[in-house]
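Below are the chains, spelled out letter by letter.
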Amino acid sequence: MKHDNILYYFLILITATLPIAVHPYFSDETQLFSWSLFLIPTILIVNRFPKWWTVFLSGCFFTGVKFTLETQYYHPDIELFSLIASSVTNWSILLAFATLLMKLKKANKTIEDLAMTDSLTGLYNRRFFDSYLAQVIADSKNTKTPLCLIILDIDHFKCFNDKHGHAYGDQALKHVVEIVQPFVLPTGVFTRIGGEEFAIILPRTPLLKAEIIANNIVEAVAGANFSLGDNELHLTVSLGLAEYHKETVDDFFHLADNALYQAKHNGRNQLSVCS
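Residues numbered from 1 in each chain as written. Predicted model: local features only at pLDDT ≥ 70, side-chain atom pairs only at ≥ 80, totals over all residues. Heavy atoms only, no water.

Draft legend 1. Summary view of the nonpolar core. Residues Val180, Ile217 and Leu239 are the most contacted members of the largest nonpolar core, which totals 31 residues. In terms of residue count, the dominant contributor to this core is helix 7 (residues 166–184) (seven residues). Those residues in contact with Leu239, other than ones at most four positions away along the chain, are Ile150, Ile151, Leu152, Ala214, Ile217, Val218, Ala259, Leu260, Ala263, Gln270, Leu271 and Ser272. Of all hydrophobic cores here, the second largest spans 19 residues; its members include Phe129, Ile201, Ala242 and Leu260. (Core = buried A, V, L, I, M, F, W, Y, C linked by side-chain atoms within 4.5 Å. Buried < 20%, exposed > 50% of the residue type's maximum accessible area, 1.4 Å probe, protein only. Helix = DSSP H or I, 4+ residues; strand = E, 2+ residues; numbered from the N terminus. Contact = heavy atoms within 4.5 Å.)

Written out as structure tokens, the structure is:
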């Protein structure tokens, strides 16, 4: 990746000097249009850093170079109108390219978000969870900072679905998400990893603080009413918590998952911490 960056910046440098190198070889009638070659490095820069401020700064820089070289070195008597007209053409091409690029980047970002998001709850999905967990584990190793993982499961959810139907089951999932999410944000990441099972990743969070968060979640869900038609029901959740200690990604996940199993075995509606 580092070498790719160096090659890319080298390409920008070469294409930036190209118009200056070839300018004297153009005829008098076409010399002014040789500066259109400055579009190449400008487009390369904008493609690398697709921001409007990049478009403006790079466009202004190369336009300034063009004006300076033409008026000070090549054709001091050149008409200002000719310079401006050719610059307007170049700017039009640059802005058209930048607009298309921004729209494309935005569309790609939307597609990526959809691929990483659970459509029902709006949370990140298992695909994102697997990728992000590997990232935060690497960060925890490098920075020597704590990392905790909570696996959350809605108690007896299959029975709830069988009794009340999947439509109400979907409402129950959203109900739990609304309760849990405030306890996770802004430092943690809340994901749905399958069915009624969720995962909470808490980067840079010590075990004691993670325990407090998890216990607060258990109490909040148990204490909240869930309206089902004319009935008020109470849902509960079981949680498994593990702190990272140089395990592999899979082993770390299994520690939290085993703790969740222990919480269920102990009667549900509680937190179990991996010891």
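The structure having been displayed, the exposition proceeds.
Draft legend 2. Focus on unusual backbone geometry. The omega angle of the peptide bond from Leu185 to Pro186 is 5 degrees, so this bond is cis rather than trans. Along the chain, Pro186 turns up in the loop between helix 7 and strand 2 (189–194). Residues other than glycine seldom take positive phi values, yet Lys246 does so here, at roughly 65 degrees. Phi is positive for Asn269, close to 55 degrees, though the residue is something other than glycine. Among the secondary structure elements, Asn269 is positioned in the loop between helix 9 (249–265) and strand 7 (271–273).

Draft legend 3. Examining the pattern of salt bridges more closely. Applying the stated criterion to the full structure yields five salt bridges. Here Arg192 ties to Asp118 by a salt bridge, and the two come within 3.2 Å at their closest N and O atoms. Linking Arg192 in strand 2 with Asp118 in the loop between helix 4 (80–115) and helix 5 (126–143), this pair joins segments that are 74 residues apart in sequence. The exposure class of Asp118 is buried, given its relative accessible area of 14%. (Salt bridge = Lys/Arg side-chain N within 4 Å of Asp/Glu carboxyl O.)

Draft legend 4. The arrangement of a nonpolar patch on the surface in detail. Together, Phe10, Leu13 and Ile14 line one region of the surface with nonpolar side chains, adding up to about 300 Å² of accessible area. Here Leu13 falls in the exposed class, since its relative accessible area comes to 52%. (Patch = residues over 30% accessible without salt bridge, like charges linked within 9 Å, V, L, I, M, F, W, Y side chains within 5 Å. Areas by Shrake-Rupley, 256 points an atom, 1.4 Å probe, with all protein chains shown as cover.)

Draft legend 5. Region of the structure containing the side chain of Ser272. Along the chain, Ser272 falls in strand 7. In this structure Ser272 comes out as buried when scored by relative accessible area, which is 9%. Side-chain polar atoms of Ser272 contact the backbone oxygen of Ala259, separated by 3.4 Å. (Polar contact = N/O pair within 3.5 Å; in protein donor to acceptor, adjacent residues only side chain to side chain.)

Draft legend 6. Layout of the state of the cysteines. One pass over the full model with this rule turns up zero disulfides. The structure places no disulfide on Cys274, whose sulfur is separated from the nearest cysteine sulfur, that of Cys148, by 11 Å. (Disulfide = S-S within 2.5 Å.)

Draft legend 7. Quick peek at the side chain of Glu70. Mapping Glu70 onto the fold places it in helix 3 (residues 52–74). No salt bridge is formed by the buried Glu70. Its closest oppositely charged neighbour is Lys66, at 8.0 Å. Here the side chain of Glu70 touches Trp35 through a polar contact of 2.8 Å, side chain to side chain. Once residues lying within four places of it in the same chain are set aside, the contact partners of Glu70 are His23, Leu32, Trp35, His75, Pro76, Ile78 and Leu83. (Lys, Arg positive; Asp, Glu negative; His and termini not counted.)

Draft legend 8. Representation of the packing of aromatic side chains in the model. Summed over all chains, the structure comprises ten aromatic pairs. Here the aromatic rings of Phe128 and Tyr132 are separated by 5.4 Å at their centres, their planes lie at 15 degrees, and the arrangement is stacked. Residue Phe128 and its partner Tyr132 are located together in helix 5, separated by four residues, close to a single helical turn. Across the pair, exposure class does not vary: Phe128 and Tyr132 are buried alike. Ring geometry for Phe157 versus Phe160: centroids 6.2 Å apart, planes at 10 degrees, classification stacked. (Phe/Tyr/Trp six-rings, centres within 6.5 Å; stacked < 30°, edge-to-face > 60°.)

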